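Now for the letters of each chain:
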Amino acid sequence: MSSTLSLKQLIKELEILESDAAKEIAASKDSESIEKLRLGFLGKKGKLSILLGEMKNLSSDERPLIGQRANILKTQLQDLIKEKLEFLKTQALNQILIKETIDVTAPPTGAPQGHRHPLITTTEQILDLFLGLGYQVSEGPEIENDYYNFEALNIPPDHPARDMQDTFYLGGEYLLRTHTSPVQIRCLEKKKPPVRIVSPGRVYRRDAVDATHSPVFHQVEVLAIDEGLDFSHLRGTVLAFLKAFFGDLPIRFRASYFPFTEPSAEVDVQWRGKWLEVMGCGMVDPAVLEELELDPERWSGFAAGLGVERFCMVRHGVDDIRKLYTSDLRFLEQF
Ligand code: DAH
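Residues numbered from 1 in each chain as written. Predicted model: local features only at pLDDT ≥ 70, side-chain atom pairs only at ≥ 80, totals over all residues. Heavy atoms only, no water.

### Describing the site of the ligand
Around the ligand, the structure places 16 residues, and the nearest of them are H179, S181, R205, Q219 and E221. H179 is positioned such that a nitrogen or oxygen atom in its side chain is 2.9 Å from a nitrogen atom of the ligand. Residue S181 places a side-chain N or O atom 2.9 Å away from a nitrogen atom belonging to the ligand. Considering the ligand on its own, with 360 Å² of exposed area, one finds that the protein chains cover 92% of that surface. Cavity membership is defined here by more than half of the atoms lying within 2 Å of grid points; on that basis the ligand lies in the largest pocket. Those elements giving two or more residues to the shell around the ligand turn out to be β6 (216–227), β9 (274–284) and β10 (299–307). (Near = heavy atom within 4 Å. Polar contact = N/O pair within 3.5 Å; in protein donor to acceptor, adjacent residues only side chain to side chain. Areas by Shrake-Rupley, 256 points an atom, 1.4 Å probe, with all protein chains shown as cover. 1 Å grid on protein atoms, 1.4 Å probe; cavity = no way out; pocket = protein on both sides within 12 Å on 5 of 7 lines; lining within 4 Å. Sits in = over half its atoms within 2 Å of the grid points. Helix = DSSP H or I, 4+ residues; strand = E, 2+ residues; numbered from the N terminus.)

Here it is as structure tokens:
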């Protein structure tokens, strides 16, 4: 810019600056470009300052005229900037409001939902069937002592049946229960017959892991004690339960031995062309009743124990028990 601007020219330049600035502010789209404009027009090295630098050539009468105009222009531009910033702010807020509006009438988007583990649902299905027959749920501790886990169940020290269940001993008399049968004893200690209970829970054995064995697994224990119960009640209950759970798979009772039942049986279900053992059961041994000070002449009953994993695997066609413990979503999402 030449340094010989006349008053007229300066006024003209101020008018040009004013209309340029107004246009550019109007056209700006965000606060950063407005800040740039502000510095460019009104900053210390901005266009207005440079124009005002031209005042030195004016007479002392003329200078205040330009000074006044420049001040008015400055306030005008500041107001424009302020307005524009406020406009942008409201606009941004409106956009957010539009974008974040929730249409409460929109159909659900099907957000992913979790579900319970197949072992849990299997346990609940088993319990449900017995609850329907009038049984009650009763639970016992996983840390047991020798008395409840073995002795009260007619398994004295050195009894060969202890070899069937390799035990995790915890020191002293304590151990991790190898089956849910101790709940039979704990329940009958607290409650006089008639008793009908189901007891779900974790059990522990020193088994090596393979496709059908795990050192921790789940059982459900069944116990019914009353007057006049005999093997037909056991058989009827077990058949009703297994039919309700598995549908029409063939079922057979096979004579067996358990120290706490006499007679004892194992129950097999035919699955994929083979007989598969699914539970043990029997009439509660009089020795167990006597230990609990229940007269075997008056009271009798039956007990059964089953492995939840096996029920779950047969029901869902799972071929490897380890899949039930690895929390692999690709597996679990199928249920
Ligand atoms: N407690 C046995 C086990 O874990 C299973 C069992 C068999 C439970 C016969 C019973 C029963 O109540 O009557 O191998």
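The discussion continues.
### Re the side chain of D268
Among the structural elements, D268 can be located in strand β8 (residues 261–271). On the basis of relative accessible area, D268 is assigned to the buried category, the value being 2%. Side-chain polar atoms of D268 contact the side chain of R252, separated by 2.9 Å. Of the polar contacts made by the side chain of D268, one reaches the side chain of R254; its length is 2.8 Å. If sequence neighbours within four positions are ignored, D268 has contacts with P250, I251, R252, R254, W275, L276, E277 and V278. (Buried < 20%, exposed > 50% of the residue type's maximum accessible area, 1.4 Å probe, protein only. Contact = heavy atoms within 4.5 Å.)

### Notes on the pairing of strand β7 (residues 251–258)
Relative to β8, β7 is paired through seven bridges, and the arrangement is antiparallel. Its bridge partner lying in β8, S256 is registered against S264. In this structure, the hairpin formed by β7 and β8 is closed by a connection of two residues. (Pairing = 2+ DSSP bridges.)

### Thoughts on the sheet that holds strand β4 (residues 174–176)
One open sheet accounts for three strands, arranged β2-β4-β3; its pairing is antiparallel. Bordering the open sheet on either side are β2 (143–145) and β3 (169–171), each of which pairs with just one other strand. Along the sheet, successive strands turn relative to each other by an average axial angle of 40 degrees, direction set aside. As judged from the three bridges shared by β2 and β4, these two strands associate in the antiparallel manner. Across the sheet, residue I143 finds its bridge partner in β4, namely L176. (Axes fitted to C-alpha atoms, helices over the stretch in contact; angles between N-to-C directions.)

### A closer look at the layout of surface pockets
A volume near 970 Å³ is recorded for the largest pocket. R205, F217, Q219, E277 and G307 are, among the 44 residues lining the largest pocket, the residues nearest its centre. Counting residues per element, the ones that place at least two in the lining of the largest pocket are β6, β7, β8, β9, β10 and α10 (308–316). For the lining of the largest pocket, the leading source of residues is β9, giving seven residues. Each residue belonging to the lining of the largest pocket can be placed in one class, and the counts come to 21 nonpolar, 14 polar and nine charged. (Points joined across faces, edges and corners; volume = space filled by probe spheres on them. Nonpolar A, V, L, I, M, F, W, Y, C, P; charged D, E, K, R; others polar.)

### Considering the sheet that holds β7
Read from one edge of the open sheet, seven strands run β1-β5-β6-β10-β9-β8-β7, paired in mixed fashion. If you trace the sheet from one side to the other, it starts and ends with β1 (136–137) and β7, each paired once. In the sheet, β1 pairs with strand β5 (residues 195–204) via two bridges, with the strands oriented parallel. Note that in β5 the partner of V137 across the bridge is V198. Across the sheet, helix α5 (residues 118–132) touches β1, β5, β6 and β10, and the angle it forms with β6 is around 5 degrees. The strands touched by helix α7 (residues 182–190) within the sheet are β5, β6 and β10, with β5 carrying the most contacts at an inclination of about 140 degrees.

### Looking at the packing of aromatic side chains
As enumerated under the stated definition, the model contains 11 aromatic pairs in all. With 6.3 Å between their ring centres and 40 degrees between their planes, F241 and F245 make a pair best called tilted. Taken together, the residues F241 and F245, both in helix α8 (residues 231–246) and four residues apart, mark about one turn of the helix. For F241, a relative accessible area of 2% translates into the label buried. Ring centres 5.0 Å apart and planes at 35 degrees place the aromatic pair F246 and F311 in the tilted group. Linking F246 in helix α8 with F311 in helix α10, this pair joins segments that are 65 residues apart in sequence. The buried category is assigned to F246, whose relative accessible area is 13%. A residue is classified by how much of its surface remains accessible, and F311, at 0% relative accessible area, is buried. Each member of the aromatic cluster is reached from another via a ring pair, and the members are F130, Y135, F241, F245, F246 and F311. (Phe/Tyr/Trp six-rings, centres within 6.5 Å; stacked < 30°, edge-to-face > 60°.)

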